[in-house]
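Breakdown of the fold
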Amino acid sequence: MVVASMKNFSSILLSIGIFLVSQSGNQALAQDAEWKEIRIATEGAYPPFNFVDAAGKLQGLDVDIAMALCEEMKAKCTVVAQDWDGIIPGLLARKFDAIVASMSITQERLKVIDFSKKYYSSKLSILTKADSQLADIKPESFEGKTIGAQSSTPQAEYAQEIYGKHGATVKLYPSQTEADMDLSNGRLDAIVADKFYLAAWMESTGAGCCKLLGDLAEGRTEIGVGLRKEDVALKEKFDAAMEAIIANGVYKKTVARYFNFDIY
């Protein structure tokens, strides 16, 4: 009887343990489904989309869009800086819950993470020095030249696939600003980058330095919020918020702080 009682008692304890673990798991799922607090990463080195101001605070279109989405979702959000090369690994390691860093939606990235609906789209362009003898963007024109791009981006892939295979030396950089500096200092013949970024850069830091050589027809990209594949509820919230801020005019007002033309 004692043995039987002990067996029953052990069974009861096991059942209670399973119940508590189950409840804990359910509570975690419920908390995740609500998403009242969201940690968002951006790069902080890609003005005017994301940068650190003189006071050390993250600013830019990406940051403003992130906060507009959070306000629409009624979520408390924290935006943190993360180096570009570590931004997807950081998301997967749950260091943060979303990436709002002008990240292009590509098939390669979709194998690893998911994305919200786009919040802008752009195209890739080639920038050269103002006095460059380069006259067109044909790959063969870049034979013997050195072209730069930010690593782990569609522009890096394009530079390597198209220009690298036609005799150009392709140099990749951890951040876009480093590539810009090398072009300004004459260490590069050209860079491949997002056209909107380049246009803003030439109006400020790169004023008088350089000229746009042309747009890459194959380089059009859509930009979305990067998310873990398992966070389906969070993706739904971001998608709904995106639709809402576009419909209510908040998106247009936010973009107008940085661009006087449509970037959607």
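Further up the page is the structure itself.
Parameters at a glance
- Residues numbered from 1 in each chain as written.
- Predicted model: local features only at pLDDT ≥ 70, side-chain atom pairs only at ≥ 80, totals over all residues.
- Heavy atoms only, no water.
- Core = buried A, V, L, I, M, F, W, Y, C linked by side-chain atoms within 4.5 Å.
- Buried < 20%, exposed > 50% of the residue type's maximum accessible area, 1.4 Å probe, protein only.
- Helix = DSSP H or I, 4+ residues; strand = E, 2+ residues; numbered from the N terminus.
- Contact = heavy atoms within 4.5 Å.
- 1 Å grid on protein atoms, 1.4 Å probe; cavity = no way out; pocket = protein on both sides within 12 Å on 5 of 7 lines; lining within 4 Å.
- Points joined across faces, edges and corners; volume = space filled by probe spheres on them.
- Nonpolar A, V, L, I, M, F, W, Y, C, P; charged D, E, K, R; others polar.
- Pairing = 2+ DSSP bridges.
- Axes fitted to C-alpha atoms, helices over the stretch in contact; angles between N-to-C directions.
- Phe/Tyr/Trp six-rings, centres within 6.5 Å; stacked < 30°, edge-to-face > 60°.
- Lys NZ or Arg CZ within 6 Å of the ring centre and 35° of its normal.
- Disulfide = S-S within 2.5 Å.

Some words on the nonpolar core
- Core analysis: the largest hydrophobic core is formed by 44 residues, its most contacted members being Ile40, Leu69, Tyr119, Val225 and Phe238.
- Top contributing element to this core by residue count: helix α2 (residues 61-73), with seven residues.
- Ignoring any residue separated from it by four or fewer positions in sequence, one finds Phe238 in contact with Ile40, Leu69, Met73, Ala98, Ser116, Val225 and Leu227.
- Ranked by size, the runner-up nonpolar core spans 13 residues in total, among them Ile126, Leu134, Ile147 and Leu216.

A short note on the layout of surface pockets
- Here the largest pocket is characterised by a volume of approximately 210 Å³.
- Mapped by element, the contributors of at least two residues to the lining of the largest pocket are α6 (176-184) and α7 (195-203).
- Per-element accounting of the lining of the largest pocket gives the leading share, four residues, to α6.
- For the lining of the largest pocket, the class distribution of residues is six nonpolar, four polar and one charged.

What about the sheet that holds strand β11 (residues 169-173)?
- Reading across the sheet, the five strands line up as β11-β10-β12-β9-β13 and stay open at both edges, with mixed pairing between neighbours. Of all strands in the sheet, those bounded by a partner on one side alone are β11 and β13 (210-215). Taken over all neighbouring pairs, the strand axes of this sheet differ in orientation by 30 degrees on average, direction set aside.
- Direction of pairing for strand β9 (residues 124-129) relative to strand β12 (residues 190-194): antiparallel, over a ladder of five bridges. Bridged to Leu124 within β12 is Asp194.
- Here α6 sits on the sheet in contact with β9, β10 (146-150), β11, β12 and β13, set at roughly 150 degrees to β12.

Focus on the packing of aromatic side chains
- Inspection of the entire model under this criterion finds 12 aromatic pairs.
- Seen in terms of ring centroids, Tyr119 and Tyr120 are 5.6 Å apart; in terms of plane orientation they differ by 75 degrees. Their pairing is edge-to-face.
- With relative accessibility at 1%, the residue Tyr120 sits in the buried group.
- Arranged with centres 6.5 Å apart and planes meeting at 40 degrees, the rings of Tyr120 and Phe196 form a pair that is tilted. One end of the pair, Tyr120, is in strand β8 (residues 120-122); the other, Phe196, is in helix α7, and 76 residues separate them in sequence. For the pair shown, Tyr120 and Phe196 are each scored as buried.
- Three or more aromatic residues link up through ring pairs in this structure, and these residues are Tyr46, Phe49, Tyr119, Tyr120, Phe196, Tyr197, Phe259 and Phe261.
- In this structure, Lys118 packs its charged tip against the face of Tyr264, placed 4.2 Å from the ring centre.

Side note on the state of the cysteines
- According to the stated counting rule, one finds two disulfides in the structure shown.
- With a sulfur-sulfur separation of 2.0 Å, Cys70 is cross-linked through a disulfide to Cys77. Every disulfide takes its handedness from the sign of the S-S torsion; for Cys70 and Cys77 that torsion is -90 degrees, giving left-handed. Summarising the burial analysis for this pair, Cys70 and Cys77 share the class buried.
- Bridging Cys209 to Cys210, the disulfide has an S-S length of 2.0 Å. Of the two residues, Cys209 and Cys210, both sit in the buried class.

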